[in-house]
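Descriptive structure summary
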Amino acid sequence: MSLVRRALPEDAAEVLRLRQVMIDALPIAGGDRSTDWHAESLPTLRARLAGEGGDLAAFVVDHPDRPGALAALVVGTLEYRIGKAGNPHGRVGHVFSVATDPDARRRGYARACMEELLAWFRERGAGHVLLNASPEAEPLYASLGFTRDPDPSMRLRL
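We now turn to the structure provided with this report. Because the structure is a prediction, the values reported are computed rather than measured.

1. Considering the pairing of strand 2 (residues 56-62)
Every other side chain in a regular strand lies on the same face of the sheet, so the side chains alternate between the two faces. Counting buried positions over the seven residues of strand 2 gives six, a clear majority of the element. Both strand 1 (residues 4-6) and strand 2 contribute to a ladder of three bridges, which runs antiparallel. Across the sheet, Arg 6 pairs through a bridge with Phe 59, a residue of strand 2. For strand 2 and strand 3 (residues 70-80), the ladder comprises seven bridges, and the chain directions are antiparallel. By the bridge assignment for strand 3, Val 61 is matched with Ala 72.

2. Concerning the side chain of His 38
Here His 38 lies in helix 2 (residues 37-49). Here the side chain of His 38 touches Gln 20 through a polar contact of 2.9 Å, side chain to side chain. His 38 has contacts with Leu 16, Arg 17 and Gln 20, leaving out every residue within four places of it along the chain.

3. Focus: the environment of Val 60
Mapped onto the secondary structure, Val 60 falls in strand 2. Among the residues examined, Val 60 registers a relative accessible area of 0% and is labelled buried. A C-alpha to C-alpha distance of 8.7 Å links Val 60 and Val 75, two positions 15 residues apart in sequence. Filtering out sequence-adjacent residues up to four positions away, Val 60 remains in contact with Leu 3, Val 4, Arg 5, Ala 7, Leu 70, Ala 72, Leu 73 and Cys 113.

Parameters and conventions
Residues numbered from 1 in each chain as written. Predicted model: local features only at pLDDT ≥ 70, side-chain atom pairs only at ≥ 80, totals over all residues. Heavy atoms only, no water. Buried < 20%, exposed > 50% of the residue type's maximum accessible area, 1.4 Å probe, protein only. Helix = DSSP H or I, 4+ residues; strand = E, 2+ residues; numbered from the N terminus. Pairing = 2+ DSSP bridges. Polar contact = N/O pair within 3.5 Å; in protein donor to acceptor, adjacent residues only side chain to side chain. Contact = heavy atoms within 4.5 Å.

Below is the structure:
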């Protein structure tokens, strides 16, 4: 029996906590590590975890030592882009949150969650999956078949 399960609406606060663990580990321009946004994000996340929209999936592992807490989290969305060679239907998976509680690392939880998310993308016909990888996480993703993409990214804050 797998330790991994789909996240439920009642997991939303823990999902946000683990997302903050991931955010806190990243270099952030301006250094804003505020958690004030959690309260505003919670209702939307609960609705999305309940299946509204159908294009988001979150897979989690319950913390073995702390009832009610999550040990690991992977979240992704299925997006549509106009098709092209190699992906004529234009379905693209995007992984945007991967986090493991610091006291639950090195147990294979993130890998197990990623494998479930990748299966979810495959079932929905995604032609490829995108993610941003930290240097520490790159070996995990490479072992799952991810390669570096030479495509440059740019960002506009609205």
